[in-house]
Amino acid sequence: MITDLESLRAYPFAMTHGGKFHADDVFSTAFLKMLVPNLSVRRVFNVPEDFKGIVYDIGLGEFDHHQNDAPVRENGVRYAAFGLLWRAFGKELMRQGVPEENLDAEVQRFDEKFICALDLDDNTGCGDQIADIIGQFNPLWDSTDKPDACFFRAVAFAKIILENKIAGIFGIYRAKKLVAEALEASGGGDIVTLETYAPWRSVLIDSEAKFVVYPSQRGGWSAQVIPVSAEDNTPRCAFPESWAGKSSEELPIISGISGLRFCHHGRFLISTNTQAQAKEACRIALAKAAMEAMKKEIAEKEA
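Reference entry: report on the structure contained in this document. Just so it is clear, the model here is predicted, and its values are computed rather than measured.

**Concerning the overall build of the chain**
Then, in step 1: Broken down by element type, the chain carries nine helices and eight strands.
Then, in step 2: What you see for the chain is a C-alpha radius of gyration of 27 Å, clearly larger than the 19 Å of a compact globule of 303 residues, by over 25%.
Then, in step 3: With the principal axes as the frame, the chain shows a C-alpha extent of 90 × 40 × 35 Å.
Then, in step 4: Burial analysis of the chain (303 residues in total) assigns 42% to the buried set.

**Topic: the pairing of strand β7 (residues 260–263)**
For a regular strand, the rule is simple: side chains alternate between the two faces of the sheet.
Then, in step 1: Here β7 pairs with strand β8 (residues 269–272) via three bridges, running antiparallel. Looking across to β8, one finds that Phe 262 is bridged to Ser 271.
Then, in step 2: Between β7 and the antiparallel strand that follows it, β8, lie five residues; Arg 267 among them carries a positive phi value of about 65°.

**Topic: the sheet that holds β7**
Then, in step 1: Strand order in the open sheet made by the five strands is β4-β5-β6-β8-β7, with mixed pairing throughout. With one partner strand each, in any of the chains shown, β4 (191–193) and β7 form the two edges of the open sheet. Geometrically, the sheet is characterised by an average inter-axis angle of 20° between neighbouring strands, direction not taken into account.
Then, in step 2: In the sheet, strand β5 (residues 211–215) pairs with strand β6 (residues 221–225) via five bridges, with the strands oriented antiparallel. Bridge pairing in β6 places Val 213 opposite Ala 223.
Then, in step 3: Sheet strands touched by helix α9 (residues 275–302): β4, β5, β6 and β8. Its angle to β5, the strand with the most contacts, is close to 165°.

**Topic: the packing of helix α3 (residues 81–94) against helix α6 (residues 147–185)**
Then, in step 1: Packing of α3 against α6 leaves a shortest axis separation of 13 Å and a crossing angle of 45°. Here α3 is positioned oblique relative to α6, judged by the angle of their axes. Between α3 and α6 the crossing geometry is right-handed. Residues Phe 82, Trp 86, Leu 93 and Met 94 of α3 lie in contact with α6, whose contacting residues are Leu 162, Ile 166, Ile 169 and Phe 170.

**Considering the packing of helix α2 (residues 23–35) against α6**
Then, in step 1: Where α2 meets α6, the closest approach of the two axes is 8 Å, and the angle between their N-to-C directions is 60°. As for how α2 packs across α6, the hand of that crossing is right-handed. From α2, Asp 25, Val 26, Phe 27, Thr 29, Ala 30, Phe 31, Lys 33 and Met 34 reach across to α6, where they touch Phe 151, Ala 154, Val 155, Ala 158, Lys 159, Ile 161, Leu 162, Glu 163 and Ile 166.

**Quick word on the pattern of salt bridges**
Then, in step 1: Evaluation of the coordinates by the stated rule reveals ten salt bridges.
Then, in step 2: As a salt-bridge pair, Glu 106 and Arg 109 come within 2.9 Å of each other at their nearest N and O atoms. Of the two residues, Glu 106 and Arg 109 are both situated in helix α4 (residues 103–124); the distance of three residues between them amounts to about one turn of the helix.
Then, in step 3: Where Asp 190 meets Lys 210, a salt bridge forms, and the shortest distance between an N and an O atom there is 3.2 Å. Here Lys 210 lies in the loop between α7 (201–204) and β5 and Asp 190 lies in the loop between α6 and β4, a separation of 20 residues in the sequence.
Then, in step 4: In this structure Lys 210 comes out as partly exposed when scored by relative accessible area, which is 25%.

**Looking at α2**
Then, in step 1: With 13 residues, α2 ought to run about 18 Å at 1.5 Å a step, and its terminal C-alpha atoms sit 18 Å apart, in line with that.
Then, in step 2: The buried fraction of α2 is high, at 13 of 13 residues.

**With respect to α4**
An α-helix turns once every 3.6 residues. As a result, residues three or four positions apart point the same way.
Then, in step 1: A rise of 1.5 Å per residue sets the reference length of α4, with its 22 residues, at 32 Å; its end C-alpha atoms lie 30 Å apart and thus fit the reference within 8%.
Then, in step 2: For α4, the principal kink sits at Ile 115 and spans about 50°.
Then, in step 3: Inspection of α4 places Leu 103, Glu 106, Val 107, Phe 110, Asp 111, Phe 114, Ile 115, Cys 116, Leu 118, Asp 119 and Asp 121 among the buried residues, and these make up the whole buried set.
Then, in step 4: Next to the buried residues of α4 lie α2, α3, α5 (129–135) and α6.
Then, in step 5: Just beyond α4, the residue with positive phi is Gly 125, at close to 70°.

Calculation rules
Residues numbered from 1 in each chain as written. Predicted model: local features only at pLDDT ≥ 70, side-chain atom pairs only at ≥ 80, totals over all residues. Heavy atoms only, no water. Helix = DSSP H or I, 4+ residues; strand = E, 2+ residues; numbered from the N terminus. Rg over C-alpha atoms; globule rule 2.2 N^0.38 Å. Buried < 20%, exposed > 50% of the residue type's maximum accessible area, 1.4 Å probe, protein only. Pairing = 2+ DSSP bridges. Axes fitted to C-alpha atoms, helices over the stretch in contact; angles between N-to-C directions. Contact = heavy atoms within 4.5 Å. Parallel < 35°, antiparallel > 145°, perpendicular 65-115°, else oblique. Left-handed = near helix turned anticlockwise from the far one by under 90°. Salt bridge = Lys/Arg side-chain N within 4 Å of Asp/Glu carboxyl O. Expected span 1.5 Å × (residues − 1). Bend = angle between axes of the 7 residues up to and from the residue.

Right, dumping it as structure tokens:
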């Protein structure tokens, strides 16, 4: 039987158990099909001795977990087939969008945050929302639906979930690269400009920048305050208090910025018509904060 991905790609045939299916065998199949799109999967009750493909969740082999000596994680959660397959092949999928230096950590994190709960449910029946949803793809007791057809519908559904979750992880690394480049282009200034919106917190939290400017998903441009730290959302430099919560009619008059159309009452986010106006709002906020700090320093010296 096959236990490595190279051989599986050369001989893309697989077997798992027939009858009622669960999230474990369904997600295992979805995962393998992401790695080997032309994989041919058969559901059986007994694996022929001469079968040369990959076998999982049946047969008491490397990718089964029903034997007494099945592997257990360091956290005490027993592996099921999905976890065993991920342990063997997860890097192959993750390295398509994760830098090599982060690969081990991301593979482990995905196991802990997503797979572990499914494995636990399969081994203990403890209950899991995603596992319950997958279970509902099984034919009802009085249905004429074929179990195999239902299984592959469930696999298609699970594959969408997996693809979306993995794509989200890859997207984080693409965003980190884009934001890091924008931070470098700012030359260490207070305002970082993104020409395309991307998740920015993981990069800019560790910088000295105070504002990030980006295209608004509602049209126009936004500027957002960078918080003090990942644990403390206190703004490094809030927008002026006089702008907070004012209407789109009031804001241009109060601020002197013709395209300023929104300022959150929490003073951490503004929206404007143009990029230049968003940057102007940030510069005004910086100037007002500097003035307030100077007045406070003078008052303290005079006290």
